[in-house]
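Listed here are the chains, written in short residue letters.
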Amino acid sequence: MESLENNENIITIKELNFSYSDSHHALTDINLEIRKGEIFGIIGPTGAGKSTLLQHLNGILKGEGEIIVDGIKIDKKSDAKIKEKVGIVFQNPDDQLFCPTVYEDIAFGLFNLGFKPAEIDEKIHDILLKMNLSHLKDLSSHHLSFGEKKRVALATTLVMNPLVIALDEPFANLDYKSILTIIEMIENLPLTRVIISQDILLALSICQRIAILDKGKIIKVGASETIAHDHNILSQSGLDFLPYLKIIKRFL
Ligand SMILES: Nc1ncnc2c1ncn2[C@@H]1O[C@H](COP(=O)(O)OP(=O)(O)OP(=O)(O)O)[C@@H](O)[C@H]1O
Ligand SMILES: [Mg+2]
């Protein structure tokens, strides 16, 4: 695929702070620039604030500070437009799927945007085919396997044709084959991709740049090649992969 990557920012975050309550400060002084077309990773240990940060990218959560998406500042006025530009795939697919069938789950957002039934049908047909999900269209999402649910949740977001897709833990709880399928799918999407993950090795393998988030703060941003060799920073947040590689080395 032709690389869409360039130096133009599609998302700029300035001095973002967010608390769930007075006592729990979840994000502190976040500054981040995500470039058009890149695969950008936000990686950190459990509880670091990754999902919280992700939900700021399309205004689900609103903290103090400024977030600009494709030249538009996120605020109450721009809310609907921003949600069209940035599609989020949640950590848990059950949070995203609630209709009686897969078809209706995928149709839901398009219907709300006022597309005609014939247009909706065509778009769903295309996305089901592209994602190899056509055989599931009449089933209830709740009867699917976890991996299938994850793919359907991705389809409900992709069908809306966003500029940016942000995926929360796309590899979690999947077998290796499903992980490789998801990686290939993400790599071939012609849009800006933000990956949230605890899995530093998978993130390094797919992302061009990575931000390390720890205790609500960005402690490092850099090219994957640079991050991969910064064992100091990785160990600080419990992400160093060398001890893990030592364990599995004897099987390689
Ligand atoms: N709705 C909420 N109300 C209060 N505190 C919350 C809420 N959601 C998250 N938190 C707290 O905010 C912090 C960051 O949570 P978040 O879910 O963003 O972390 P995470 O990095 O995504 O973790 P994980 O890797 O386990 O998914 C945690 O301490 C969590 O307990
Ligand atoms: Mg999370």
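Right above here is the structure, for reference.
Residues numbered from 1 in each chain as written. Chains lettered and ligands numbered in written order. Predicted model: local features only at pLDDT ≥ 70, side-chain atom pairs only at ≥ 80, totals over all residues. Heavy atoms only, no water.

Attention shifts here to the coordination of the magnesium ion (ligand 2). All of the protein donors around the magnesium ion (ligand 2) are Ser51 (OG) and Gln91 (OE1); their distances to the metal are 2.1 to 2.4 Å. Of this pair, Ser51 sits in helix 1 (residues 50-54) while Gln91 sits in the loop between strand 6 (86-89) and helix 3 (102-112); the two residues are 40 residues apart in sequence, bridging distant segments of the chain. Accessibility expressed as a relative area gives 21% for Ser51, which makes it partly exposed. Overall, the relative accessible area of 39% leaves Gln91 in the partly exposed class. (Donors = N, O, S within 2.8 Å, 3.2 Å for Na, K, Ca; no water. Helix = DSSP H or I, 4+ residues; strand = E, 2+ residues; numbered from the N terminus. Buried < 20%, exposed > 50% of the residue type's maximum accessible area, 1.4 Å probe, protein only.)

It is worth spelling out helix 3 at this point. Of all the positions in helix 3, only Val102, Asp105, Ile106, Ala107, Gly109 and Leu110 are classed as buried. For helix 3, the secondary structure elements touched by its buried residues are helix 4 (117-130) and helix 5 (146-158). Immediately beyond the C-terminal end of helix 3, within one or two residues, lies Gly114, with a positive phi of roughly 90°. (Contact = heavy atoms within 4.5 Å.)

Turning our attention to the pairing of strand 9 (residues 209-214). Burial analysis of strand 9 places 6 of its 6 residues in the buried class, which makes it a mostly covered element. Judged by which residues are buried, strand 9 turns out to be covered on both faces: Arg209, Ala211 and Leu213 on one side and Ile210, Ile212 and Asp214 on the other are all buried. As defined by bridge partners, strand 3 (residues 39-43) adjoins strand 9 across 4 bridges and the pair is classed as parallel. When the sheet's bridge partners are listed, Gly41 is paired in strand 9 with Ile210. Note: strand 9 against strand 10 (residues 217-223), 6 bridges, orientation antiparallel. What sits directly across from Ala211, in strand 10, is Val221. (Pairing = 2+ DSSP bridges.)

Neighbouring residues of ligand 1: 13 residues in total, closest Thr46, Gly47, Lys50, Thr52 and Gln198. In the environment of ligand 1, an oxygen atom lies 2.5 Å from a nitrogen or oxygen atom belonging to the side chain of Thr46. Contact with the protein chains covers 61% of the free accessible surface of ligand 1, which is 640 Å². Element by element, the count of residues in the shell around ligand 1 is highest for helix 1, at 3 residues. (Near = heavy atom within 4 Å. Polar contact = N/O pair within 3.5 Å; in protein donor to acceptor, adjacent residues only side chain to side chain. Areas by Shrake-Rupley, 256 points an atom, 1.4 Å probe, with all protein chains shown as cover.)

Ordered by their spatial adjacency, 6 strands build an open sheet running 6-7-8-3-9-10, and the pairing between neighbours is mixed. The open sheet has two free edges, formed respectively by strand 6 and strand 10, since each of these has just one partner strand. Here the average twist between neighbouring strands, direction ignored, is 15°. Here strand 6 pairs with strand 7 (residues 164-168) via 4 bridges, running parallel. (Axes fitted to C-alpha atoms, helices over the stretch in contact; angles between N-to-C directions.)

Before going further, it helps to examine the packing of aromatic side chains. One pass over the structure, following the stated rule, counts 2 aromatic pairs. Each ring, one from Phe18 and one from Tyr20, has its centre 4.9 Å from the other, and the planes form 85°; the classification is edge-to-face. A relative accessible area of 49% places Tyr20 in the partly exposed class. (Phe/Tyr/Trp six-rings, centres within 6.5 Å; stacked < 30°, edge-to-face > 60°.)

Note that all results are geometric; they support no functional claim without further evidence.
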